[in-house]
Amino acid sequence: MKKVIISVLVMLLLMSMVFAGCTKNDEPSGPVTIKFMTFSANPESGISLDELKTVFEEQNPGIKVEIETLGYNDYFVSLQTKFLGDDAPDCFETNFENFVAYADQGLLANLEDSISASDVDLSILNQETVKAFNLDDTQYGLPYSFSNVILIYNKELFDQANIDYPTSDWTWADVDEAGAVIRALGEDIYGYLQPIQFYEFFKAVAQNGGSILNEDKSAFVVNSKENVETLEHMLSRINETNIMPTEAQLGGMGEWDMFLSGRLGMLINGVWAFPTFTEQAEFEWDIAVEPGNTQKATHFFANGLAVYAESEKQDAAFKWITFLSSSEEMANFRLENSWELSPSLYDDVLDKYTKVTPPENKVAVFESLDYLITTPAIVEFSMTADIIGQQLSAAVSGDKTAQEALDDAQAELESKISLD
Amino acid sequence: MAIRKHRKQNSFESVKNASFLLPSFTGFLVLSIIPIVLTFIISFTSWSGLQKLEILSKVFWQENFIGFENYKEILTSGELIRVLKNTAYFVVLYIPLMLTGSLLIATLLNKPYKGAKVFSILYYIPVLTSWIAGALIWKWVLSPEYGAINNLLALIGIEGPGWLQDSKWAMPGIVLASVWKDVGFYGLILLGGLKGINTMYYEAAKIDGASKVKAFFKITLPLLTPYIFFVLIISMINAFQIFPQVMIMTTDAGPNGATQVFVERIYKYGFRYYEMGYATALSWVLFMIIFIFTSIQQKVEKRWVHYEQ
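Focus: the overall build of chain B
What chain B contains, in helices and strands, is 13 helices and zero strands. Taken from N to C terminus, the helices and strands of chain B fall in the order α-α-α-α-α-α-α-α-α-α-α-α-α. Over its C-alpha trace chain B gives a radius of gyration of 25 Å, far above what one expects of a compact globule, namely 19 Å for 309 residues. The principal-axis extent of the C-alpha atoms belonging to chain B is close to 80 × 75 × 35 Å. Of all intrachain contacts in chain B linking residues separated by at least 6 positions in sequence, the fraction that spans at least 24 positions is 71%.

Here we look at the overall build of chain A
On a plain count of helices and strands, chain A comes out with 19 helices and eleven strands. Principal-axis analysis of the C-alpha atoms gives chain A an extent of 85 × 50 × 50 Å. Counting the 420 residues in chain A, one finds 43% classified as buried.

A word on the packing of helix H18 (residues 381–396) of chain A against helix H19 (residues 402–416) of chain A
Residue and element names in this part refer to chain A. Closest axis-to-axis distance for the H18/H19 pair is 9 Å, and the angle between their directions is 160 degrees. When the interaxial angle is binned, H18 and H19 end up roughly antiparallel. Relative to H19, H18 is oriented so that their crossing is right-handed. Across the interface between the two elements, Met383, Thr384, Ile387, Ile388, Gln391, Leu392, Ala394 and Ala395 of H18 pack against Ala402, Ala405, Leu406, Asp408, Ala409, Glu412, Leu413 and Lys416 of H19. For the contact of H18 with H19, the per-class residue count stands at eleven nonpolar, two polar and three charged.

Notes on the domain arrangement of chain A
Residues and elements named next belong to chain A. Partitioning chain A into domains gives domain 1 (23–145 + 301–355) and domain 2 (148–300 + 360–416). Computed over C-alpha atoms, the centres of domain 1 and domain 2 are 31 Å apart. Contacts between domain 1 and domain 2 engage 16 residues on the former and 16 residues on the latter. Listing elements by their share of the side of domain 1 that touches domain 2, those giving two or more residues are helix H4 (96–104), helix H6 (127–132), strand S10 (298–307) and helix H16 (347–355).

Remarks on unusual backbone geometry
In the segment running from Thr357(A) into Pro358(A), the intervening peptide bond is cis, with an omega of -5 degrees. Within the fold, Pro358(A) resides in the loop between H16 and helix H17 (363–367). The step from Pro358(A) to Pro359(A) runs through a cis peptide bond, and the omega angle for that step is 0 degrees. Note on placement: Pro359(A) falls in the loop between H16 and H17. With a phi angle near 55 degrees, Lys217(A) is a residue other than glycine that sits in the positive phi range. Its location among the elements puts Lys217(A) in the loop between helix H9 (198–207) and helix H10 (225–239). For Tyr274(B), which is not glycine, the phi torsion reads 55 degrees and is therefore positive. Its place among the elements puts Tyr274(B) in the loop between helix H12 (262–271) and helix H13 (276–304). Look at Tyr274(B) and you get buried, because 25 C-beta atoms sit within 10 Å.

Some thoughts on the packing of helix H4 (residues 78–110) of chain B against helix H10 (residues 212–240) of chain B
Residues and elements named next belong to chain B. Direction vectors running N to C along H4 and H10 enclose 145 degrees, while the axes themselves pass 10 Å from each other. The two elements H4 and H10 meet at a crossing, and its hand is right-handed. Here Thr87, Phe90, Val91, Tyr94, Ile95, Met98, Leu99 and Ser102 of H4 come into contact with H10, specifically with Val231, Ser235, Met236, Ala239 and Phe240. Looking at side-chain class alone, the contact of H4 with H10 contains ten nonpolar, three polar and no charged residues.

Some words on the environment of Leu97(B)
Residue and element names in this part refer to chain B. With respect to the helices, strands and loops of the structure, Leu97 is situated in helix H4. Residues Leu97 and Asn86, eleven residues apart in the sequence, show an inter-C-alpha distance of 17 Å. When near neighbours in sequence (up to four residues on either side) are disregarded, Leu97 contacts Val175 and Val179.

A word on the confidence of the model for chain A
Summary statistics for chain A give a mean pLDDT of 88 and a share of 92% for residues scoring 70 or more. Here residues 17–28 of chain A scores under 50 on pLDDT; set against residues more than four positions off or in separate chains, the count is two contacts.

A few points about the confidence of the model for chain B
For chain B, the average pLDDT comes to 89, and 96% of its residues sit at 70 or higher. Quick note on the complex model: pTM equals 0.84, ipTM equals 0.80.

With respect to the interface of chain B and chain A
Counting residues at the interface gives 34 residues for chain B, matched by 32 residues for chain A. When residues of the side of chain B that touches chain A are traced back to their parent elements, those giving at least two are helix H1 (2–42) and helix H6 (131–141) of chain B. Looking at the side of chain B that touches chain A element by element, the count peaks at eight residues for H1(B). Classifying every residue of the side of chain B that touches chain A by side-chain character gives 15 nonpolar, twelve polar and seven charged.

A short note on the pairing of strand S8 (residues 264–270) of chain A
Residue and element names in this part refer to chain A. Within S8, six of the seven residues are buried, which leaves the element mostly enclosed by the surrounding structure. Direction of pairing for strand S6 (residues 142–154) relative to S8: antiparallel, over a ladder of five bridges. Pairing of Ile150 across the sheet is with Asn269, part of S8. Here three bridges tie strand S7 (residues 190–193) to S8, and the two strands are oriented parallel to one another. Across the sheet, Tyr190 pairs through a bridge with Leu264, a residue of S8.

Examining the environment of Gly210(A)
Residues and elements named next belong to chain A. With respect to the helices, strands and loops of the structure, Gly210 is situated in the loop between H9 and H10. By the C-beta count within 10 Å, which is 23 here, Gly210 ends up buried. Expressed as a C-alpha distance, the spacing of Gly210 and Glu128, which sit 82 residues apart in the sequence, is 20 Å. Here Gly210 is in contact with Val205, Ser224, Glu226, Asn227 and Thr230, once residues within four sequence places are set aside.

Describing helix H9 (residues 199–207) of chain B
Counting buried residues along H9(B), only zero of its nine residues qualify, which leaves the element largely exposed. Looking one or two residues past H9(B), Gly209(B) carries a phi angle of roughly 85 degrees, positive in sign.

Description of the nonpolar core
Cys91(A), Ile150(A), Ile152(A), Ala306(A), Val307(A), Trp320(A) and Ile321(A) are the most contacted members of the largest nonpolar core, which totals 162 residues. With ten residues, helix H8 (residues 170–195) of chain B is the single largest residue contributor to this core. Other than its neighbours up to four places away in sequence, Trp320(A) contacts Ile34(A), Phe36(A), Phe56(A), Ile63(A), Val65(A) and Cys91(A).

A word on H19(A)
Helical periodicity: at 3.6 residues per turn, an α-helix aligns residues three or four positions apart in one direction. The end-to-end C-alpha distance of H19(A) is 21 Å, a good match for the 21 Å that 15 residues give at a rise of 1.5 Å each. When H19(A) is considered as a whole, its buried residues turn out to be Ala402(A), Ala405(A), Leu406(A), Ala409(A), Gln410(A), Glu412(A) and Leu413(A).

Things to note about the environment of Thr38(A)
Residues and elements named next belong to chain A. Within the secondary structure, Thr38 sits in strand S1 (residues 32–38). The exposure class of Thr38 is buried, given the 21 C-beta atoms found within 10 Å. The sequence separation of Thr38 and Thr94 amounts to 56 residues, and the corresponding C-alpha distance is 7.8 Å. The contacts of Thr38, once residues within four sequence positions are left out, are Leu49, Ile67, Thr69 and Glu93.

Calculation rules
Here the residue numbering is sequential within each chain, running from 1 through the sequence in written order. All chains are assigned letters beginning at A, and all ligands numbers beginning at 1, according to the order in which they are written. Two thresholds apply to this predicted model, a pLDDT of at least 70 for residue-level local features and 80 or more for giving and counting side-chain atom pairs, whereas whole-chain, interface and lining totals are computed over all residues. Think of it this way: any DSSP run of H or I at least four residues long counts as a helix, any run of E at least two long counts as a strand, and we number them from the N terminus. For a compact globule the rule gives 2.2 Å times the number of residues to the power 0.38, and the radius of gyration it is set against comes from C-alpha atoms. Two residues qualify as being in contact provided that their C-beta atoms, derived from the backbone, are within 7 Å of each other. Residues with at least 20 other C-beta atoms within 10 Å of their own are called buried, those with 12 or fewer are called exposed, and the rest are partly exposed. The C-beta atoms themselves are positioned from the backbone. For every element, the axis is a line fit to its C-alpha atoms; helices are fit only across the contacting stretch, and the angle between N-to-C directions ranges from 0 to 180 degrees. Put simply, angles under 35 degrees are roughly parallel, angles over 145 are roughly antiparallel, angles from 65 to 115 are roughly perpendicular, and the rest are oblique. Crossings are sorted by hand: turned counterclockwise from the far helix by less than a right angle, the near helix makes the crossing left-handed, and turned clockwise it makes it right-handed. We call Asp, Glu, Lys and Arg charged. Ala, Val, Leu, Ile, Met, Phe, Trp, Tyr, Cys and Pro are nonpolar, and the rest, Gly among them, are polar. Domain start and stop points were drawn from an automatic or database domain assignment. pLDDT: the predictor's confidence for each residue, scored from 0 to 100. Any two strands between which DSSP finds at least two bridges are classified as paired. Think of a nonpolar core as buried Ala, Val, Leu, Ile, Met, Phe, Trp, Tyr and Cys residues, each tied to the set through C-beta atoms within 7 Å. Take the number of residues in a helix, subtract one, and multiply by 1.5 Å to get its expected span.

Spelled out as structure tokens, the structure:
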């Protein structure tokens, strides 16, 4: 009998240990504590928000911030389980793709009232980045950071080839011409590299006057004439002129490694490459606004900040995200840590930013903003990008022609996604 | 009285036994049974996987119930055929290669020679290696220009294919990596089988003048069939569920979706496209397919599996 009682007691103890993790801690009394989840500041990037948290808490004595940091790869699945497990943070960082899905599912607080009631000046923010987090004329998030894509070039290869450096007026034709001259410098020297994937394609079609969606965004037009022409042109740089290396010629080498090896004339890449290139490139390099064809179009990756719709501490959470988005402290912090760009455009911070070289022509980063286009705000954005990306890879591998690949993408998008 | 006491003791006994089972049963209930039932229920909804799952609320059902719509879409969209084709391609290449490889390793390790133990450890190392590390290494091994395999092929005058960058060769590339990872494990199971074969059969065959090859086909293979059967069932189920190698070696399901497989689709629908209802329906379709194949294997088992009497 004793044994039975003991074994049952042990069992209960074990089970209580198992379920102990499921109970919720009571909120501490006193100042409001808000939870914030982020992926961009993490130990791997060597950046911690603790310093800013202290500044914010000093400015707002009634609010305490608890920061949870997760790596990008685990971030969105974790956030998803937190939504489901009733453990969502009061505010969090999100990328653009998930932002649209979250807003569609009603997970994000409408910030309109908070913005009009607050005394914070949001006009300091780059308005394109603000617009990115506005859906159906409602602001559901604030921009946190952005990184835009530019043309990066190896000055020494241009000197060797005895041609002029790229300028902001360059078009595709200039790229092709310069690319061919650089390609001729050596068997394993290439003129240009622009990965053929969704984001590059979506921007390149805009440079050629095309688009993924029709004007009123009610239908896909992936296989339009302009788009097919764009893809054909991109492919010809690999298969015909070979100014761009084939997958086999790249041989699994990353784009950055290729550029750093000194065998690549021009690379389409983002501002996030600057710290590494500055540190590792053994040659001089600079940047220019990305060339267009019939028009210019540039793209950026923007991360935003949002408040959870069911949070009970929305006011405090809004204050924190406004601080992260638009305060001068944050803008300076980003600059000092050569982190992604701040969406807030303080003149003195910008001035300091442009003075940090290389690249010499840092103003091109801001010039690029004049031609900004944003990815289509559709709920099934990830699926759209995957479907198009897959067909692009079929075209690159030569399994399909540009026309076939885009026809197939169009058919699959139409059957899988309804846009109303 | 004595009987009653005995009964009482018996029931105490069962309570006691049950209480010992409870911890593992709790885990099984919470982590397996409940999720299985839930995925079945969710598969009839359009639940995104983002909003709370209020399965007992009427509103949830009004908003999300769609009947057999998910299953209908799976069965009518071209995606299922594509995924099935890719998975079948994998299974057809992987199973024979893996089986021959494991059999070879088991036979080699069964010989009593110096260093057999060292080799058995060497063969088992890939099994213990995480898929992340293994897949990254294979990405390099299969690199068209700088990879080991194409360089070896070049030595004998063959121009290697583009492997993971080529829609026809991406899946064979994945198969090579998977065979490398798994032969050690299945080889060990078959080695266990070989060690269990009574040497008296071989002695008798030798006396009767049977050659070594004949002895292998007439004694070793038939007596090994229960083990081969086990390996076949387990590896088939695992093959239908390939995932990490595909996700790491060919990030977005390869060129032209060449390595798009079931679990990759389930993961993407559930956690990237936020269509959890569709993802759960897809996982039930996968379950049915595995169930059918395993049943067929068990049905034909009697025809070729010999159990030693």
